[in-house]
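Single-letter residue listing:
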Amino acid sequence: MHAAVIQAADAPPVYRNHPDPAPRHGDEVVVEVLAAGLHHLTRAKANGSHYSSNGVYPLVPGVDGVVRDEEGNVRYVALEDAALGTFADRTLIDPRRSVILPDGIDPVQIAAAMNPAMSSWVALRRRVDFHAGQRVLVLGATGNAGRMAVQIAKLFGAAQVIAAGRDTTRLRALTALGADETITFDQIGQAADVDVVIDYVWGEATARAMIPMLTARADRTAPLSWIQIGSIAGQSAPIPSTALRSAHLQIVGSGIGSVPARDFLAELPELASAVTAGAIDVRACAVPLAQVAQAWTAETGDRIVVVP
């Protein structure tokens, strides 16, 4: 078969022949890969910068995808740490870490949406006590996961969703997807009285935004849940101690480890149904697996999906 193979952390993937997969234990089955998303997580695990990376090379990247099993079932699967990912003609999966998808789904749309959408979906469902009528701020709303977070917060009944980012053109487009207000980072005080922050930014940018937000809140004793999901502005944020003492602030993370695998899996069927029904707008660009080297570093607003 063919696969994308990465030989070292700083090396791009190379499309080449690869040995066919063989189950190593009774729970594994061989499946045909239909589509696999090129996510930030895919790159980060491949180059060793993600906290869940194991640093073992060579490897075939790909953390999830849409596959067809030997019985003809089409599944969405999320892989555990493995040397053989989904950027291949075939891969190995544990069916217990997958969900069977309904007939008529578009594999490219599902592969593009599930990973970025899952970040905010699971965060609001499993990491905080979110309920309809609350107000949500999305930091980093112009990225793929951020624009989905705007839609998912609305889908869950948020009374107000404020989208924050740097690209004003992309920000304006978010009003059509449910954003009630769009702001840049220098206007962050205008979002002071939200109940939940979904943060894909972190780093210095989050630290600079936090104090103006907290000091501008009409009632500092009102609970504020700050969910850290992404870190596009830096892995560390110098949060002042006064941020934790001067307001009813709860900072939590949402990701692999802080949410049990069984909780992720429990949310997958409803999320897949929402994507299939068109409740979440998905921007996907299918690219042949043979062109993986060019796609790996491509700059695009769409989610790249490799198709064997």
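Residues numbered from 1 in each chain as written. Predicted model: local features only at pLDDT ≥ 70, side-chain atom pairs only at ≥ 80, totals over all residues. Heavy atoms only, no water.

**Student:** I keep staring at the packing of aromatic side chains and nothing clicks. Help me out?
**Tutor:** All chains considered together, the criterion is met by two aromatic pairs. A ring pair is formed by Phe-87 and Trp-296, whose centres lie 6.4 Å apart and whose planes are at 90 degrees; its orientation type is edge-to-face. Within this pair, whereas Phe-87 is found in the loop between strand 5 (74-78) and strand 6 (90-93), its partner Trp-296 is found in helix 8 (residues 292-296), the two being separated by 209 residues in sequence. Trp-296 matches Phe-87 in its accessibility class, with the two residues each being buried. Between Trp-121 and Phe-156, the aromatic rings sit 4.9 Å apart at their centres with planes inclined by 70 degrees, giving edge-to-face as the arrangement. With Trp-121 in helix 2 (residues 107-127) and Phe-156 in the loop between helix 3 (144-155) and strand 9 (160-164), this pair connects stretches of sequence that are 35 residues apart. (Phe/Tyr/Trp six-rings, centres within 6.5 Å; stacked < 30°, edge-to-face > 60°. Helix = DSSP H or I, 4+ residues; strand = E, 2+ residues; numbered from the N terminus. Buried < 20%, exposed > 50% of the residue type's maximum accessible area, 1.4 Å probe, protein only.)

**Student:** What should I look at first to understand the pairing of strand 5 in this one?
**Tutor:** On a regular strand, each side chain points to the face opposite its neighbour's, so the side chains alternate between the two faces of the sheet. Where burial is concerned, most of strand 5 is hidden: four out of the five residues are buried. Note: strand 4 (residues 64-68) against strand 5, five bridges, orientation antiparallel. Along strand 5, the bridge assignment pairs Val-66 with Tyr-76. The antiparallel hairpin formed by strand 4 and strand 5 contains five residues in its connecting segment, where Gly-72 sits at a positive phi of about 90 degrees. (Pairing = 2+ DSSP bridges.)

**Student:** When you look at the environment of Arg-283 in this model, what are you seeing that I'm missing?
**Tutor:** Note that Arg-283 resides in the loop between helix 7 (261-276) and strand 14 (284-288). Each C-alpha atom, one on Arg-283 and one on Pro-95, is 28 Å from the other, the two residues being 188 residues apart in sequence. Setting aside chain neighbours within four positions, we find Arg-283 in contact with Asn-144, Arg-147, Gly-301, Asp-302 and Arg-303. Here the side chain of Arg-283 touches Asp-302 through a polar contact of 3.1 Å, side chain to side chain. (Contact = heavy atoms within 4.5 Å. Polar contact = N/O pair within 3.5 Å; in protein donor to acceptor, adjacent residues only side chain to side chain.)

**Student:** Can you help me understand the pattern of salt bridges in this one?
**Tutor:** Note that side chains of opposite charge can pair when their charged atoms are close. This structure, assessed with the given rule, holds 15 salt bridges. Two residues, Asp-20 and Arg-90, come together in a salt bridge whose shortest N-O distance is 2.6 Å. Residue Asp-20 is located in the loop between strand 2 (14-17) and strand 3 (29-37), and its partner Arg-90 is located in strand 6; the two are separated by 70 residues in the primary sequence. The partner of Glu-32 in a salt bridge is Arg-68, and the shortest N-O contact between them spans 3.1 Å. Here Arg-68 lies in strand 4 and Glu-32 lies in strand 3, a separation of 36 residues in the sequence. (Salt bridge = Lys/Arg side-chain N within 4 Å of Asp/Glu carboxyl O.)

**Student:** Looking at this structure, how should I read the environment of Leu-171?
**Tutor:** Here Leu-171 lies in helix 4 (residues 168-173). Residue classification places Leu-171 among the buried positions, given a relative accessible area of 3%. Considering only alpha carbons, one finds Leu-171 and Arg-147, 24 residues apart in sequence, at a separation of 9.0 Å. If we skip the residues at most four places from it in the chain, Leu-171 touches Thr-142, Ala-163, Ala-164, Gly-165, Thr-182, Ile-183 and Thr-184.

**Student:** Whenever I open this one, the sheet that holds strand 9 confuses me. Can you help?
**Tutor:** The pairing of strands in a sheet happens through backbone hydrogen bonds and is either parallel or antiparallel. The parallel open sheet is built from six strands, whose spatial order is 10-9-8-11-12-13. Each edge of the open sheet carries a strand with a single partner, namely strand 10 (181-183) and strand 13 (249-253). Ignoring strand direction, the axes of neighbouring strands in this sheet form an average angle of 20 degrees. As judged from the five bridges shared by strand 12 (residues 224-228) and strand 13, these two strands associate in the parallel manner. If you follow Leu-224 over to strand 13, its bridge partner there is Leu-249. Lying on the sheet, helix 2 is in contact with strand 11 (196-199), strand 12 and strand 13; it crosses strand 11 at an angle near 140 degrees. Across the sheet, helix 5 (residues 203-216) is in contact with strand 8 (135-139), strand 11, strand 12 and strand 13; its angle to strand 12 comes to roughly 170 degrees. (Axes fitted to C-alpha atoms, helices over the stretch in contact; angles between N-to-C directions.)

That's the geometry; what it means functionally is another story.
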